[in-house]
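Summary of structural features
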Amino acid sequence: MSNTSTEQANRFISLKDIKKSSFIALWFMFLTFPIMVIKVNTVNNTVEWRWANMIIIGVASFILSHVWRLFMNRRDGKLSDEQKGGQTVEKLTLRQKLDQKPVVAKSLSYAVLVLAIIFPLISGMYQTSIMITALLYVVLALGLNIMIGLSGLLVLGYIVFYGVGAYTYALLNLHFGVNFWVALPIGGIFAMIIGILIAIPVLRLQGDYLAIVTLAFGEIFRIVLENWNDLSFGPSGIANIPRPTIFGLDLNVSQATNLTYFIVLAFVLVTIFVIKRLEDSRIGRSLVAMREDEIASEAMGIDMGKTKLVAFALSTFWAGVAGVIFAGKTTFINPSSFTMWESILVLCMVVLGGMGSIPGAIVGALIITLLPEYLRAFSEYRMVIFGVVLVLVMVFKPDGMIPSIRQKYEFKKKPESNMKEAE
Amino acid sequence: MTPVLDVKKLRMDFGGLRAVNDVDLHINEKEIIALIGPNGAGKTTFFNCITGVNKPTAGDVIICPPGATHTKRINGLKPNVITEKGLARTFQNIRLFQNMTVLENVMIGRHTRMHAGIAGAILRNKKTREEEQKVIDDSYEILKKLNLEQFVNELAKNLPYGAQRRLEIARAMATDPFLLLLDEPAAGMNPQETHELVDTINKIRDNENITILLIEHDMGLVMTLSERIYVVDYGKLIASGAPDDIKKDPEVIKAYLGEDTNA
Ligand SMILES: Nc1ncnc2c1ncn2[C@@H]1O[C@H](COP(=O)(O)OP(=O)(O)OP(=O)(O)O)[C@@H](O)[C@H]1O
Ligand SMILES: [Mg+2]
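Small disclaimer: the values here were computed from a predicted structure and weren't measured. (Residues numbered from 1 in each chain as written. Chains lettered and ligands numbered in written order. Predicted model: local features only at pLDDT ≥ 70, side-chain atom pairs only at ≥ 80, totals over all residues. Heavy atoms only, no water.)

The next thing to look at is the overall build of chain B. The helix and strand tally for chain B stands at 10 helices and 10 strands. A compact globule built from 263 residues would reach a C-alpha radius of gyration of about 18 Å, and chain B, at 19 Å, matches this within 12%. Reported as C-alpha extents along the three principal axes, the dimensions of chain B are approximately 65 × 40 × 35 Å. Across the 263 residues in chain B, those meeting the buried criterion constitute 54%. For chain B, restricting intrachain contacts to residue pairs at least 6 apart in sequence, the fraction spanning at least 24 positions comes to 68%. For chain B, the exposed area adds up to about 11,200 Å²; of that, 50% sits on carbon and sulfur atoms. Charge-centre separation for chain B: the mean point of 33 positive side chains lies 6 Å from the mean point of 36 negative side chains. (Helix = DSSP H or I, 4+ residues; strand = E, 2+ residues; numbered from the N terminus. Rg over C-alpha atoms; globule rule 2.2 N^0.38 Å. Buried < 20%, exposed > 50% of the residue type's maximum accessible area, 1.4 Å probe, protein only. Contact = heavy atoms within 4.5 Å. Areas by Shrake-Rupley, 256 points an atom, 1.4 Å probe, with all protein chains shown as cover. Lys, Arg positive; Asp, Glu negative; His and termini not counted. Charge placed at Lys NZ, Arg CZ, Asp CG, Glu CD.)

This part is about the domain arrangement of chain B. By convention, interface size is frequently given as the accessible area that disappears when the constituent parts associate. All names here are of chain B. Domain boundaries assigned for chain B yield domain 1 (1–86 + 177–263) and domain 2 (98–175). Computed over C-alpha atoms, the centres of domain 1 and domain 2 are 26 Å apart. Across the contact, 18 residues belong to domain 1 and 12 residues belong to domain 2. Buried area between domain 1 and domain 2, summed over both chains or domains, comes out near 1,200 Å², and the portion from carbon and sulfur atoms is 65%. Along the contact surface separating domain 1 from domain 2 lie 1 salt bridge. Taking the shortest distance from any N to any O, the salt bridge between Lys145 and Glu208 comes out at 3.3 Å. Inspection of the region where domain 1 meets domain 2 yields 4 residue pairs in polar contact (both at pLDDT 80 or more). Secondary structure elements with two or more residues in the side of domain 1 that touches domain 2: helix H2 (79–84), strand E7 (179–183) and helix H7 (191–208). (Domains from an automatic or database assignment. Buried area = accessible area lost by both parts, 1.4 Å probe. Salt bridge = Lys/Arg side-chain N within 4 Å of Asp/Glu carboxyl O. Polar contact = N/O pair within 3.5 Å; in protein donor to acceptor, adjacent residues only side chain to side chain.)

All right, on to the interface of chain A and chain B then. With 36 residues of chain A in contact, the opposing surface of chain B contributes 41 residues. The junction of chain A with chain B conceals about 3,700 Å² of combined surface from both sides, 60% of it contributed by carbon and sulfur atoms. Broken down residue by residue, the surface that chain A buries against chain B is led by Arg282, Arg285 and Met300 of chain A, which jointly contribute 22%. For the pair chain A and chain B, the interface holds 3 salt bridges. Here chain A and chain B share 12 residue pairs in polar contact (both at pLDDT 80 or more) between them. The element that contributes the greatest number of residues to the side of chain A that touches chain B is helix H12 (residues 282–292) of chain A, accounting for 8 residues. Among the residues making up the side of chain A that touches chain B, the classes are represented as 17 nonpolar, 6 polar and 13 charged. (Nonpolar A, V, L, I, M, F, W, Y, C, P; charged D, E, K, R; others polar.)

Parts of the prediction with low pLDDT should not have their coordinates interpreted in detail. Counting all residues, the mean pLDDT for chain B is 90, and 97% of those residues have values of 70 or more. With a pTM of 0.84, the predicted complex shows an ipTM of 0.91. (pLDDT = per-residue confidence, 0-100.)

Residue and element names in this part refer to chain B. Protein-derived ligands of the magnesium ion (ligand 2) are Thr44 (OG1) and Gln92 (OE1), with the metal-ligand distances lying across 1.8 to 2.1 Å. Here Thr44 is found in helix H1 (residues 43–51), whereas its partner Gln92 is found in the loop between strand E6 (87–89) and helix H3 (102–109), with 48 residues between them in sequence. A relative accessible area of 25% places Thr44 in the partly exposed class. Of the residues examined, Gln92 reaches a relative accessible area of 29% and is grouped as partly exposed. (Donors = N, O, S within 2.8 Å, 3.2 Å for Na, K, Ca; no water.)

Okay, helix H9 (residues 207–227) of chain A next. Residues and elements named next belong to chain A. Look at H9: 31 Å from first C-alpha to last across 21 residues, which is about the 30 Å you get at 1.5 Å a residue. The complete set of buried residues in H9 reads Leu210, Ala211, Thr214, Gly218, Phe221, Arg222 and Leu225. Along the axis of H9, the buried positions cluster into a sector of 110°, meaning they face one direction only. When the buried face of H9 is taken as reference, the exposed residues oriented beyond 90 degrees from it are Asp208, Tyr209, Ile212 and Asn227. In this structure, the buried residues of H9 make contact with helix H7 (159–176), helix H8 (180–202) and helix H10 (229–232). (Expected span 1.5 Å × (residues − 1). Arc of directions from axis to C-beta.)

Residue and element names in this part refer to chain A. If you trace the backbone, Thr331 turns up in the loop between helix H14 (304–330) and helix H15 (340–353). Thr331 sits in the buried class, given a relative accessible area of 19%. Among all residues touching Thr331, those that are not within four sequence positions of it are Ile238, Ala239, Asn240, Ile241 and Arg243.

Right, let's talk about the site of ligand 1 for a bit. Residue and element names in this part refer to chain B. Surveying the vicinity of ligand 1 reveals 13 residues, the closest of which are Lys43, Thr44, Thr45, Gln92 and His217. For ligand 1, an oxygen atom lies 2.9 Å from a polar atom in the backbone of Gly40. Considering every element that reaches the shell around ligand 1, the biggest residue donor is H1, with 3 residues. A per-class count over the shell around ligand 1 returns 4 nonpolar, 7 polar and 2 charged. (Near = heavy atom within 4 Å.)

A few words on the pattern of salt bridges. Enumeration according to the criterion identifies 24 salt bridges over all chains in this entry. Its salt-bridge partner being Asp293 of chain A, residue Arg95 of chain B comes within 2.7 Å of it at the nearest N-O pair. In this pair, Arg95 of chain B sits in the loop between E6 and H3 while Asp293 of chain A sits in the loop between H12 and helix H13 (294–299), so the two residues belong to two different chains. A salt bridge links Asp13 of chain B to Arg18 of chain B; the nearest nitrogen and oxygen atoms lie 2.8 Å apart. Ionic contacts of the salt-bridge type, sharing partners, join the residues Arg110, Lys134, Asp138 and Asp176 of chain B into one network.

The structure is reproduced here in structure tokens:
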């Protein structure tokens, strides 16, 4: 430990590094020269030369480039250690450590669950409402994770199915007075049907092409909603959607919010449960196999067309149900809630958390929805911070914050009655 | 006896290139047959046509699984349907499911022989659990046959090269084939591993009643293993027969020497 840190310290001051950093500093000073140094004062018709700015930029980029290199070295050091095959306790990720101690992992998840249950009781309505949004995004991230993380289908425009769910509830309620609980499954199933309908023409597409086509579908959806006034009431949207109630009780706003919170929480748990079970099943394995190699999967007897439809259906259902809850929560929906930006946001959650990993999707969704809420002070820099965080994750943790791990099986050595599945 | 696989006048064109040119080939039950030829002769393409990866331009691929009363024409069917019918293959350029464990790779092979659907996966009822357990057991047995059991929970990508080739065979065997098509199973193996592979392939044929068609450049392996050999060059069948006859065939010698002078 001390040995490596002195090594890094040595690197920190080596002549080569100083040369490199100086070069970077000069380059940045040159690049920013026109905007940071020269300032034309149009009132006096004079040019101001702000040399101080140049010095600040020089020093800052010099230091930053050193810090950057330090981290890169550390990362590369880690990588080469892994390649050597040195498997020391130090290098285990948190996830792996938890995996080895199922008791700790279990009690940890129970603690989180208890915290989640008492959350609305110990916080105000505003906080609860934020948390509902966050949990809705957790469901979306989990759902998209089936498509992107498990099945390897790069689908943009996922928010369409969220929108389908929301509009299903809003319209069914408006025209037929359908209540929340009935709309809940209908929204999911309807989103699933739309998902399958979209999937059929794109079955043959892969990778980037699939991404572009689904992105286009997303835009078409939004534009249709904005213009088909008879159906969707255009950009003005649909208002006065009833909040969810239970046992026909007359709830006030705060109670309804709490109820919505518990509905969403229960739904998150159901989603996790179902997806976890799907993952460790024949269906889940065929999805992962499709991600890994389509030609080999076909050679193993897996029908690619059918598997893709299954991936779409399994993934879009959750978005539809989440959409119904969203409509019930906000009581007002319009097309601007379902833009491409939202799709990208959900995609970022999956990538940030770790493709194909359930805890990853949850953590990714929570971070991306909650951070901006609690960083309101920096709201102007939100996009910048967002971009920087994503780049950093991609560079230092390319598999996401909580990478997925495969199920392991234990086998007794005896040849008869030889194995037992273990979590 | 009807051959388990009967290929008649198989032809495959890629634009102007005729990669397989009217090739006839048949295999009887429990034979080990080799398909050889210089690089680019069209051997892999021949496999691709039989297993449905490529759609043949012309010709017939007819199967007659052991015990079946009727023959079936299978060209033009999708690869997964052909696998279901009992043909399984390995790939020359290894195509494992890299980020899945060794056991899972083999379990995927049993996909078509399983029935659990979405409802079964979610409810995890007794039937699904039993099926799952059986697949785990069966897969482990197959791994043992190919000496892979020490890698059970290893990711496929972390395996040594020879083991990856064997895993390809294990995975193909898991689909319960009557005919196994091996595309260069010994490529990249050291002599020791190749020697073991000969044993393994013989065992697969003898104990599992699987007929084997293999492509291989290692002549030692081809001569010791195969009962008959087919030789192709530029997509055309130039010779076929017992190993000793093939060794002496002037056409074959010319094809191989011709290739050597090119190299
Ligand atoms: N999908 C394809 N499209 C166009 N040409 C192809 C395609 N697949 C194969 N070919 C061509 O067909 C010919 C036969 O290739 P093939 O891979 O079958 O040879 P091979 O006998 O397996 O050779 P090797 O011993 O090197 O594996 C080659 O000229 C190749 O370039
Ligand atoms: Mg080949």
